[in-house]
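Letter by letter, the chains look like this.
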Amino acid sequence: MAPRLDFSEWWAKEERKGTPLVVTMENPNYSLLEIQCPDSEEFHSVGKAKGKNAKQFTWVLLLRAHRAVGCLAWLLSAIKKRMLIRHRIIHVESDNVEKGRVLFKFIRAFLVISFAVLMFEIMAHSNGWHFQRPNLHLPQSIEIKGWLHSLYLSWLLFRAHYIAYPIQLLSSFCVVLFAAQSLDRLVLCFGCLWIKLKKIKPEIIDSDSLKCVDVEEGSNCEFPMVLVQIPMCNEREVYEQSISAVCEIDWPKDRLLIQVLDDSDDEDIKFLIETEVSKWSQQGINIVYRHRLTRTGYKAGNLNSAMSCDYIKNYEFVAIFDADFQPNPDFLKQTIPHFKGNPELGLVQARWEFVNKDENLLTRLQNINLCFHFEVEQQVNGVFLNFFGFNGTAGVWRIKALEESGGWLERTTVEDMDIAVRAHLNGWKFIFLNDVKVLCELPESYEAYRKQQHRWHSGPMHLFRLCLPAIITSKISIWKKANLIFLFFLLRKLILPFYSFTLFCIILPLTMFVPEAELPVWVICYIPVFMSFLNILPAMKSFPFIVPYLLFENTMSVTKFNAMVSGLFKLGSSYEWIVTKKAGRSSESDLLAIPENDSKKLKEHREVITQSVKKANKIYKKELALALLLLTAAARSLLSAQGIHFYFLLFQGVSFLLVGLDLIGEQMN
């Protein structure tokens, strides 16, 4: 029982006499503050050192209180600002109002019921009606204090007999899925550790294929014909640096062709890209510009259209780079040799390296996720299974593998994963090169990241519906079929967003109002923290962000869950492609080229970019509704003193609130 605090003697004391000290604060909202200064003999008899320490301690408390009030005032003003500008962007979201409406209605109804139950529980708590486990004592009829007391007892019996069991059943199911997914992550980490200990790397079978580098011996070297494709659509910010990087690739000019595949519908951007291509063509680079009148099939349609050209039959390999990717000049010399003497190899995938990973909190958290994806998931699957999902860029395909697997299909928004699965079913092998890195850019705004994640999680479920019959009837081994169905699709694409959203955003708040189905501490604390620690190992410099990473991943679960459901049941938003907006950050080499003493130039460079992309923040209703729901559940857990549950719900609710108000990352136009 909590200790009772008696302030009667404190209030009964006589008012101290003395001269008030007026302190002027900088914030105009808190201009005057009176501190009573006693002038009694007892006070003056205290040593100067003690008096000085007391004054310093008081000032520290005042400053901390001032900062806390300032932070609270900033948050309240931010909420007010978002609400005031909401009407300005309603017309932008009018086309998307139907998407996610069912999920939002469910969360809103859940919030209303939870708030009503919280008020009921607070009333019961104030009346001293404490009936909690494990000593649940239900009073006899003679002890019941009125109809409200009787109603509360009926609620206790109803939740114990009819609500607790379904919640406990669903939570047990999610915990099993959680354990299976955690075990998969643990096995992947052990596989990555084994690769590092044994120093396993993909070997080049024919190491002499591109050995000669002298001009005189160039005719004796076997440089294959390579096609490089740069698909883009309205990429005003990054088209120039991408084309420049590809045109500087070190490869014989007569053995290389660059295709700039432009789907832009902006006439100004089309003119700029065509001008850039013409500039490099005049310098002797074998580069062509292709533009489609209609953007059918999105990126898959663009690539398929380019592969239908007659001159493609003269080329053996094709390298693909998205518009924000900047390969090193030796990229082809590091990747093409792996194909020599390995006729079963269909794909060589390079790793992504991000030029703006330290730009803001959002990019830091993305870097943690993607570092684990590349260094652990793709490297382990490439070494032990010779299969992983193609990333859609920074990779080299054997054109024969593309043609035999059916080419680029326009049936989903994850054409890269689609072609990878079909090539795997046809017996082609993949290699992942963790040491070959290609510079690219992370989304710096939550809006752009949210749309990207929606496509990345709805597309795989849509593809799973289409590929399942082909996987079952294919001639690959049972183990490869099991890996594709249960690990590649179900465990990592369906189960992860399902249990993450259901367990931490639905079941956990429910257990606060139905304590008979309480989740154990290891489910909400120990295992998630351990899994987050494993995820952050490939990016150890990001270790200070482990707690924000854990909270943000749970926050993103609502977007991923909504996308997964839309893809699985083929809803309208499952076939939606929105180009991820870029800021056009310079590469790391360009930034390092700026003299250290010329920091002003670097600062101006960043300010110009930031000013060009900022706009009014948005409001995300589902995230805000979940924030209020989790904070309501945190208030309920405070009544029953449930410890770690309260802190988790509190911080998770604040995380949803910050994301719902678009206070993470930059705001992009």
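Residues numbered from 1 in each chain as written. Predicted model: local features only at pLDDT ≥ 70, side-chain atom pairs only at ≥ 80, totals over all residues. Heavy atoms only, no water.

**Student:** What is the right way to look at the overall build of the protein in this model?
**Tutor:** Assigned secondary structure in the protein consists of 21 helices and nine strands. The buried share among the 669 residues of the protein stands at 50%. Within the protein, counting contacts between residues at least 6 apart in sequence, those at least 24 apart form 79% of the total. Of the roughly 34900 Å² of accessible surface on the protein, 60% is carried by carbon and sulfur atoms. (Helix = DSSP H or I, 4+ residues; strand = E, 2+ residues; numbered from the N terminus. Buried < 20%, exposed > 50% of the residue type's maximum accessible area, 1.4 Å probe, protein only. Contact = heavy atoms within 4.5 Å. Areas by Shrake-Rupley, 256 points an atom, 1.4 Å probe, with all protein chains shown as cover.)

**Student:** Hey, could you run me through unusual backbone geometry in this one?
**Tutor:** The backbone of Tyr298 shows a phi angle near 55°, a positive value even though the residue is not glycine. Take Tyr298: it is sitting in helix H9 (residues 298-307). Residue classification places Tyr298 among the buried positions, given a relative accessible area of 19%.

**Student:** What am I meant to see in the nonpolar core here?
**Tutor:** Grouped burial of nonpolar side chains is what soluble globular proteins tend to show. Judged by nonpolar contacts, the single largest core of 143 residues is most densely connected at Ile243, Leu332, Trp397, Val421 and Leu503. Ignoring anything within four residues of it in the chain, the contact list for Val421 reads Phe387, Leu463, Cys467, Leu484, Phe488 and Phe489. Core analysis: the next-biggest nonpolar cluster, separate from the first, contains 13 residues, Leu365, Met556, Val659 and Ile664 among them. (Core = buried A, V, L, I, M, F, W, Y, C linked by side-chain atoms within 4.5 Å.)

**Student:** So what exactly am I meant to see when it comes to the side chain of Ser405 here?
**Tutor:** Among the secondary structure elements, Ser405 is positioned in the loop between helix H12 (399-404) and helix H13 (415-425). Within the structure, Ser405 has its side chain in polar contact with the backbone oxygen of Ala401 (distance 2.8 Å). (Polar contact = N/O pair within 3.5 Å; in protein donor to acceptor, adjacent residues only side chain to side chain.)

**Student:** Is there a simple way to think about the state of the cysteines in this case?
**Tutor:** Such a bond, covalent and formed between the sulfur atoms of two cysteines, is termed a disulfide. Tallied over the full model, the rule gives zero disulfides. Cys192 forms no disulfide, and the closest cysteine sulfur to it belongs to Cys189, at a distance of 7.1 Å. (Disulfide = S-S within 2.5 Å.)

**Student:** Hey, could you run me through the side chain of Asn381 in this one?
**Tutor:** Within the fold, Asn381 resides in helix H11 (residues 361-384). On the basis of relative accessibility, which here comes to 9%, the residue Asn381 falls in the buried class. Reaching out from Asn381, the side chain makes a polar contact with the backbone oxygen of Glu377 at a distance of 3.0 Å. Excluding residues that lie within four positions of it along the chain, Asn381 makes contacts with Leu188, Asn386, Phe387, Phe388 and Arg492.

**Student:** What's the story with the environment of Val414 in this structure? I'm lost.
**Tutor:** Tracing the chain through its elements places Val414 in the loop between H12 and H13. Placed 46 residues apart in sequence, Val414 and Pro460 show a C-alpha to C-alpha distance of 6.7 Å. Contact partners of Val414, with chain neighbours within four places excluded, come to Arg455, Gly459, Pro460 and Leu463.

**Student:** What is the right way to look at the confidence of the model for the protein in this model?
**Tutor:** In low-pLDDT segments, the atomic positions of the prediction should not be examined closely. For the protein, mean pLDDT is 81; residues scoring 70 or higher make up 74% of the total. Every residue in residues 1-46 is under pLDDT 50, and counting partners more than four places away or in other chains gives 36 contacts. When the criterion is pLDDT under 50, residues 608-614 qualifies, and its contacts beyond four places in sequence or with other chains add up to ten contacts. (pLDDT = per-residue confidence, 0-100.)

**Student:** Looking at this structure, how should I read the pattern of salt bridges?
**Tutor:** Counted under the stated rule, the structure contains 23 salt bridges. Across the salt bridge formed by Lys299 and Glu415, the nearest N and O atoms sit 4.0 Å from each other. Placement of the pair is Lys299 in helix H9 and Glu415 in helix H13, with a sequence separation of 116 residues. Judged by relative accessible area, which is 3%, Glu415 ranks as buried. (Salt bridge = Lys/Arg side-chain N within 4 Å of Asp/Glu carboxyl O.)

**Student:** Where do I start with the UniProt feature "transmembrane region" (unreviewed entry) in the protein in this structure?
**Tutor:** Per the UniProt entry, the sites bearing "transmembrane region" (unreviewed entry) are residues 57-79, 106-124, 162-180, 484-513 and 624-639 in this numbering. What you have in residues 162-180 is 100% helix and 0% strand, and the ends, taken at the C-alpha atoms, are 29 Å apart. (UniProt positions renumbered as here; feature names shortened; annotations may be inferred.)

**Student:** Would you take a moment to explain the packing of helix H5 (residues 101-126) against helix H15 (residues 478-513) for this structure?
**Tutor:** Contact geometry of H5 with H15 gives a least axis separation of 10 Å together with a crossing angle of 20°. The orientation of H5 with respect to H15, classified from their angle, is roughly parallel. The two elements H5 and H15 cross, and the hand of that crossing is left-handed. Only Phe501, Cys505, Ile506, Leu510 and Phe513 of H15 make contact with H5, whose side of the interface consists of Leu103, Phe106, Ile107, Phe110, Ser114, Val117 and Leu118. When the residues that make up the contact of H5 with H15 are grouped by side-chain class, the tally is eleven nonpolar, one polar and no charged. (Axes fitted to C-alpha atoms, helices over the stretch in contact; angles between N-to-C directions. Parallel < 35°, antiparallel > 145°, perpendicular 65-115°, else oblique. Left-handed = near helix turned anticlockwise from the far one by under 90°. Nonpolar A, V, L, I, M, F, W, Y, C, P; charged D, E, K, R; others polar.)

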